[in-house]
Amino acid sequence: MIEARHLRVLRAVAATGSFSAAGRELGCTQPAVSQQMKALETSVGTPLLVRTGREMRLTQAGEALVRHAAGILSGLTAAEEEVAAIAGLRAGRVRLVSFPSGSSTLVPTALAALRAAHPGTRVSLEEAEPPNSVELLREGDCDIALAFRYEAAAGAEDWSDLVVRPLLSDRLVALVPEKHRLARAESVSIGELAREPWIAGCPRCRGQLVEVCESAGFTRASTSRPTTIRRSSAW
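Procedures and definitions
- Residues numbered from 1 in each chain as written.
- Predicted model: local features only at pLDDT ≥ 70, side-chain atom pairs only at ≥ 80, totals over all residues.
- Heavy atoms only, no water.
- Salt bridge = Lys/Arg side-chain N within 4 Å of Asp/Glu carboxyl O.
- Buried < 20%, exposed > 50% of the residue type's maximum accessible area, 1.4 Å probe, protein only.
- Pairing = 2+ DSSP bridges.
- Helix = DSSP H or I, 4+ residues; strand = E, 2+ residues; numbered from the N terminus.
- Axes fitted to C-alpha atoms, helices over the stretch in contact; angles between N-to-C directions.
- Contact = heavy atoms within 4.5 Å.
- pLDDT = per-residue confidence, 0-100.
- Parallel < 35°, antiparallel > 145°, perpendicular 65-115°, else oblique.
- Phe/Tyr/Trp six-rings, centres within 6.5 Å; stacked < 30°, edge-to-face > 60°.
- Core = buried A, V, L, I, M, F, W, Y, C linked by side-chain atoms within 4.5 Å.

## What about the pattern of salt bridges?
- Throughout the structure, instances matching the rule amount to six salt bridges.
- The residue Glu3 makes a salt bridge to Arg5 at a minimum N-O spacing of 2.6 Å.
- What makes Glu3 partly exposed here is its relative accessible area of 33%.
- Look at the salt bridges and you will find they share partners, linking Glu135, Arg138 and Asp161 into a network.

## Side note on the sheet that holds strand 5 (residues 144-146)
- Reading across from one edge, 4-3-5 is the order of the three strands in this open sheet, with parallel pairing throughout. The sheet is open, and its two borders are formed by strand 4 (121-127) and strand 5, each paired with just one other strand. Between one strand axis and the next, the sheet turns through 25° on average, direction left out of account.
- Judged from the seven bridges that link them, strand 3 (residues 92-98) and strand 4 form a sheet pairing that is parallel. Within strand 4, the residue paired with Gly92 across the bridge is Thr121.
- Lying on the sheet, helix 6 (residues 107-117) is in contact with strand 3, strand 4 and strand 5; it crosses strand 4 at an angle near 170°.

## Re the side chain of Ser133
- Its location among the elements puts Ser133 in helix 7 (residues 132-138).
- Discounting chain neighbours no more than four positions away, the residues touching Ser133 are Val97, Ala128, Cys142, Ala145 and Ala147.

## Considering the confidence of the model for the protein chain
- Scored by pLDDT, the protein chain comes out at a mean of 83, with 87% of its residues at no less than 70.
- Averaged pLDDT values for the elements of the protein chain fall to 79 in helix 8 (residues 203-215) and rise to 95 in strand 5.

## As for the packing of helix 2 (residues 19-26) against helix 3 (residues 30-44)
- The contact between helix 2 and helix 3 brings their axes to 8 Å, and the two run at 105°. One way to sum up the angle between helix 2 and helix 3 is to call them roughly perpendicular. When helix 2 is examined against helix 3, the residues Phe19, Ser20, Ala22 and Gly23 are found in contact with a partner set consisting of Gln30, Val33, Ser34 and Met37.

## Some thoughts on the packing of aromatic side chains
- Using the criterion set out here, one finds two aromatic pairs in the structure.
- Ring geometry for Phe99 and Phe148: centres 4.9 Å apart, planes at 75°, overall edge-to-face. Within this pair, whereas Phe99 is found in the loop between strand 3 and helix 5 (100-105), its partner Phe148 is found in the loop between strand 5 and helix 8, the two being separated by 49 residues in sequence.
- Look at Phe99 and you get buried, because its relative accessible area is 12%.
- A ring pair is formed by Phe148 and Tyr150, whose centres lie 6.0 Å apart and whose planes are at 80°; its orientation type is edge-to-face.
- Residue classification places Tyr150 among the partly exposed residues on the basis of a relative accessible area of 26%.
- Through pairs of rings, three or more aromatic residues link up here, namely Phe99, Phe148 and Tyr150.

## Section: the nonpolar core
- Counting residues in hydrophobic clusters, the biggest one holds 17 residues, and the most contacted among them are Val13, Phe19, Val33, Met37 and Leu49.
- Within the residue set of this core, elements represented by two or more residues are helix 1 (4-16), helix 2, helix 3, strand 2 (55-58) and helix 4 (60-86).
- Broken down by element, the residue count for this core peaks at five residues, all from helix 1.
- Sequence-distant contacts of Met37, defined by excluding residues within four places in its chain, comprise Val9, Leu10, Val13, Phe19, Leu48 and Leu49.
- Leu182, Ala200, Leu209 and Cys213 belong to the second-largest nonpolar core, a separate cluster that totals seven residues.

Next comes the structure, spelled out in structure tokens:
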């Protein structure tokens, strides 16, 4: 009988390439990983890994099992969360993935409210930008993803296979120095900023900004990226 814990170990070994690296990722020892892999191979009756130098390589059977593991673990997680919801979330865990600015603004308040309502629920937080965060959700590697998308952008992601709860819509705004020629203007078109030096955000945000500029009839040759990390007193 295949156990979920063995599948999680197999996925970690496949992703990292070694028992020791998988152990570090899972928070257990290398011998423990080796023992669980032996138990899994005994359950399925065929080798799943072969050693090539210092790394482990999946056999054909191992590759097949890893392909199915994501769906199996995702289904088990969904079942666990549904049962926890029925039980009133008296205890349990939530794996949350959020983009960095969301982690410093939206997440602290939400976690405080969750802790007050369900003190027995544990939450882990990992930071990732979409679309990577959304793929983590699809693969069953997290339970909730706080993500964003530009719905009018070319190639906007399809989230129709997910349960989506819109939280807010942000405007695209431009900030200029206090003494800038446009600082007192009631409204500014993006074309009026065409010749200005720009500071943009992450690669995804910069891509959207370039697309907006192109739709206005000009192209930014380059944009600077801030190197400071946002911190929040809300934590």
